[in-house]
Amino acid sequence: MIPYGRQRISKADIELVTEALSSDLLTNGPRVAQFERKLSEYVGAPTIVVSSGTAALHCAFSALDLQPGDEIITPPITFIATQATAALAGATVKFCDVQADTGNLDPEKVESKITRHTRAIVAVDYAGHPAELNELSEIARRKGVLLIEDASHAIGSTYRGFKVGEIADITTFSFFPTKNLTTAEGGAVSSRHPELLKRIQKFSKQGLVREQDELINGTEGPWHQEVHEFGLNYRLSDILSALGISQLSQIENFKKTRSQIFDRYFQHLGHINRLTLPTRRSYTEPMWHLFPIHVPADLRRSIFEELRRNDIGVQVNYLPVHLHPVFARAGYKRGDFPISEDFYDSEISLPMHANPEVFNEKYFTTIAGIFSSILE
Ligand SMILES: *Cc1c(COP(=O)(O)O)cnc(C)c1O
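Residues numbered from 1 in each chain as written. Predicted model: local features only at pLDDT ≥ 70, side-chain atom pairs only at ≥ 80, totals over all residues. Heavy atoms only, no water.

The ligand sits among 15 residues. The nearest are Gly53, Thr54, Asp150, Ser174 and Lys179. Residue Ser174 places a side-chain N or O atom 2.7 Å away from an oxygen atom belonging to the ligand. With respect to the pocket detection grid, the ligand is positioned in the largest pocket. Among the elements of the structure, helix 3 (53-62) and helix 4 (81-88) are those that each provide at least two residues to the shell around the ligand. Broken down by element, the residue count for the shell around the ligand peaks at 3 residues, all from helix 3. In terms of residue class, the shell around the ligand is made up of 4 nonpolar, 9 polar and 2 charged. (Near = heavy atom within 4 Å. Polar contact = N/O pair within 3.5 Å; in protein donor to acceptor, adjacent residues only side chain to side chain. 1 Å grid on protein atoms, 1.4 Å probe; cavity = no way out; pocket = protein on both sides within 12 Å on 5 of 7 lines; lining within 4 Å. Sits in = over half its atoms within 2 Å of the grid points. Helix = DSSP H or I, 4+ residues; strand = E, 2+ residues; numbered from the N terminus. Nonpolar A, V, L, I, M, F, W, Y, C, P; charged D, E, K, R; others polar.)

Printed below as a string of structure tokens:
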């Protein structure tokens, strides 16, 4: 089965990880700081690393010091970690529908969702395609709320010449194996606001304060560390940071491979009736995490099953988050966000990853044959 997403691990990755395993510090060592430096440079904004994309989001929301009743606005087309972390950090989760073509938060609908309780607009770069960051930033600035970007899909993507990570107030990344680069489990948070990033980092390290000039009990002794606000252990280890450093050095190659696969899908599937391929806005250069297509909703299931029967490991991304039973208690139901629901009903994610040997001529001919036979 050709999976919809998969890591690409090189000999250099294995060597660097092996070296890290033989060093004195398996965690809290020099590789973490080195990975953070290289990521900050690559992304164009100060960046800290954490143990997962979910941890990155939980740290971001926890740094907002949310009060009961505070709201955040999110799109339904995302992995539920976007909302779960916000809810666990104390936010009331609100939804706003998406654009029908990109699946990203629709800026034209966001403004009417903002109330005096809103603290943040949370955009998701679905499939690696950046959200409408200029419009969303402008609304956020005007309304005095933050723009948080869940860029779990989008490290390596650019928007109007800027890297994803240097635009929103806070940007989070995931390094899960199916994502654009991997540390097995891992994530990162970028922010140009030093005080926010410091709170985020502190939350990821048990809330511990060690700097002498910040201590409340400053006379305890040289061993002393203290907690002013609760945090958790969301550290990334040195072993995984070694993998991250090595993966990051290959990211432009990964991006090129993903773009070539994107183009070949267009060559082979572009002419097929009733099949809609992904949209790219002219002002973006996505690093494609997914290759999401749309088919007639009544045929989605049979096409999905036929592809799986042919060992093409397709996936559906995502069940609109408001339709998870956990949100039924809050009164959400089918019909609430029709564009997201239509998007989901017709969506299939075709395999997309930086392993070019899998995507040979036979693969594209097979997949084109399957679509032609069902749709034409
Ligand atoms: C993968 C993903 C996450 C969670 O990242 P993990 O590293 O798996 O914890 C969050 N949001 C989105 C949109 C994702 O795709």
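All right, on to the packing of helix 2 (residues 30-43) against helix 8 (residues 238-248) then. Two numbers describe how helix 2 lies on helix 8: the axes approach to 8 Å, and their chain directions differ by 30°. Classified by the interaxial angle, the pair formed by helix 2 and helix 8 is roughly parallel. The chirality of how helix 2 crosses helix 8 is left-handed. For the pair helix 2 and helix 8, the contacting residues are Pro30, Arg31, Val32, Gln34, Phe35, Lys38, Leu39 and Tyr42 in the first and Asp238, Ser241, Ala242, Gly244, Ile245 and Leu248 in the second. A breakdown of the residues in the contact of helix 2 with helix 8 according to their chemical character gives 8 nonpolar, 3 polar and 3 charged. (Axes fitted to C-alpha atoms, helices over the stretch in contact; angles between N-to-C directions. Parallel < 35°, antiparallel > 145°, perpendicular 65-115°, else oblique. Left-handed = near helix turned anticlockwise from the far one by under 90°. Contact = heavy atoms within 4.5 Å.)

Bringing helix 8 into the picture now. Where burial is concerned, most of helix 8 is hidden: 10 out of the 11 residues are buried. Of all the positions in helix 8, only Asp238, Ile239, Ser241, Ala242, Leu243, Gly244, Ile245, Ser246, Gln247 and Leu248 are classed as buried. (Buried < 20%, exposed > 50% of the residue type's maximum accessible area, 1.4 Å probe, protein only.)

This next bit is on the packing of helix 10 (residues 297-309) against helix 12 (residues 361-375). Here helix 10 crosses helix 12 at 150°, and the two axes come no closer than 11 Å. As for how helix 10 packs across helix 12, the hand of that crossing is right-handed. Of helix 12, the residues touching helix 10 (which contributes Leu299, Ile303, Glu306 and Leu307) are Ile367, Ile370, Phe371, Ile374 and Leu375. In terms of residue class, the contact of helix 10 with helix 12 is built from 8 nonpolar, no polar and 1 charged.

Our focus in this paragraph is the nonpolar core. Counting 35 residues, the largest nonpolar core has Tyr265, Leu269, Leu307, Leu350 and Phe371 as the members making the most contacts within it. Contributing elements (two or more residues each) for this core: helix 9 (251-269), strand 14 (291-294), helix 10, strand 16 (347-350) and helix 12. Looking at this core, the element that brings in the most residues is helix 12, giving 7 residues. Apart from the residues within four sequence positions on either side, Leu307 is in contact with Ile312, Val314, Ile348, Leu350, Ile367, Ile370 and Phe371. (Core = buried A, V, L, I, M, F, W, Y, C linked by side-chain atoms within 4.5 Å.)

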